[in-house]
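# Coordinate analysis (summary)
What follows is the residue order along each chain.
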Amino acid sequence: MEESLHSLELHFQKADQELQLMLRTLEKEFMEKRAADPQIVNPLQVLLRLQRLREDVPRVQEELSSLLAEKRDFVQSCESTLLPTAEMLADLCARSGLQLNADQSPISDFVETASEWKASVGLTGQ
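For the structure given in this document, a descriptive report is provided here. (Residues numbered from 1 in each chain as written. Predicted model: local features only at pLDDT ≥ 70, side-chain atom pairs only at ≥ 80, totals over all residues. Heavy atoms only, no water.)

### Section: the overall build of the protein chain
For clarity, the cut-off: Segments assigned H or I by DSSP are reported as helices when at least four residues long, segments assigned E as strands when at least two residues long, and all are numbered from the N terminus. Note that the radius of gyration is over C-alpha atoms, with the globule rule given as 2.2 Å times the number of residues to the power 0.38. Burial classes follow relative accessibility: with a 1.4 Å probe on protein chains only, a residue under 20% of its type's maximum area counts as buried, one over 50% as exposed, and anything between as partly exposed. Contact between two residues is taken to exist if any of their heavy atoms lie within 4.5 Å; hydrogens are not considered.
Along its length, the protein chain carries three helices and zero strands. Order of helices (α) and strands (β) in the protein chain, N terminus to C terminus: α-α-α. Its C-alpha atoms give the protein chain a radius of gyration of 33 Å, clearly above 14 Å, the size a compact globule of 126 residues would have. Counting only C-alpha atoms and orienting by the principal axes, one finds that the protein chain spans roughly 105 × 45 × 20 Å. For the protein chain, with 126 residues in total, the buried portion stands at 9%. In the protein chain, of all internal contacts separated by at least 6 residues, the share reaching a separation of at least 24 is 56%.

Put into structure tokens, the structure is as follows:
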């Protein structure tokens, strides 16, 4: 029994040595090929990068959703505050006889920018 275990252990050690030799040989080949052609990529590095990306994508999606919600809330807050204020300002200007050029107003710029942003993220009509 002990002889069998010892034999099995020797086989595992031999297999480990062979794998280490193959690893060094492959690394050397990749380095030589990469020196000759910098566009050659190590497939193992590509796989590791893909694995990291797969782990990062859900986190980035969650952060993006959170930022989008915050930006939507900010735009809605600005609309609910700035637009009525702009209407009151226009009313005051009209009562006092002053003219307010709506085309050059920062409010019209905001409305245009907010509309463009809503359209780009699919929030039209909100």
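### Quick look at the pattern of salt bridges
Inclusion rule: Between Lys or Arg on one side and Asp or Glu on the other, a salt bridge is scored when a side-chain nitrogen of the former is within 4 Å of a carboxyl oxygen of the latter.
Scanning the model with the defined rule gives four salt bridges in all. Salt-bridge contacts for Glu63 lead to Arg59; the nearest nitrogen and oxygen are separated by 3.2 Å. In this pair, Glu63 and Arg59 both sit in helix α2 (residues 43-96), four residues apart, roughly one turn of the helix. By relative accessible area, Glu63 is classed as partly exposed at 42%. A salt bridge links Asp91 to Arg95; its shortest N-O distance comes to 3.3 Å.

### Quick word on a nonpolar patch on the surface
Just so we agree on the cut-off: Only residues above 30% relative accessible area that lack a salt bridge enter a patch, with like-charged residues linked at up to 9 Å and the nonpolar side chains Val, Leu, Ile, Met, Phe, Trp and Tyr linked at up to 5 Å. For the accessible areas, the method is Shrake-Rupley and the probe is 1.4 Å, while residue cover comes only from the protein chains on display.
A grouping of Val41, Val46, Leu47, Leu50, Leu53 and Val57 is seen on the molecular surface, where their side chains present a nonpolar patch of about 460 Å² in accessible area. Along the chain, Val46 falls in helix α2. Overall, the relative accessible area of 36% leaves Val46 in the partly exposed class.

### Some words on the packing of α2 against helix α3 (residues 106-120)
Cut-off, in case you're wondering: All axes are obtained by fitting lines to C-alpha atoms, using only the stretch in contact for helices, and the reported angles, taken between N-to-C directions, cover 0 to 180 degrees. The labels follow the angle: roughly parallel below 35 degrees, roughly antiparallel above 145, roughly perpendicular from 65 to 115, and oblique for the rest. The handedness criterion is simple: a crossing whose near helix is rotated anticlockwise from the far helix by less than a right angle is left-handed, and one whose near helix is rotated clockwise is right-handed.
Where α2 meets α3, the closest approach of the two axes is 11 Å, and the angle between their N-to-C directions is 150°. Considering the angle they form, α2 stands roughly antiparallel to α3. Like other packed secondary-structure pairs, α2 and α3 cross with a definite hand, here left-handed. Along its contact with α2, which presents Leu68, Lys71, Arg72, Val75, Cys78, Glu79, Leu82, Leu83 and Ala86, the element α3 presents Ile107, Phe110, Val111, Ala114, Trp117 and Lys118.

### Side note on the nonpolar core
Condition: Residues grouped as a nonpolar core are buried Ala, Val, Leu, Ile, Met, Phe, Trp, Tyr and Cys residues, joined through side-chain atoms within 4.5 Å.
The biggest cluster of nonpolar side chains holds six residues, and these are Val75, Cys78, Phe110, Ala114, Trp117 and Leu123. Of all the elements in the fold, those that place two or more residues in this core are α2 and α3. A total of three residues in this core trace back to one element, the largest contributor, which is α3. Not counting the four nearest positions on each side in its chain, Val75 is found in contact with Phe110, Ala114, Trp117 and Lys118.

### A look at the environment of Ile40
Among the structural elements, Ile40 can be located in the loop between α1 (2-36) and α2. Ile40 sits 24 residues away from Asp16 along the chain, and the two C-alpha atoms are 28 Å apart. The residues contacting Ile40, other than those within four sequence positions of it, are Lys33 and Arg34.

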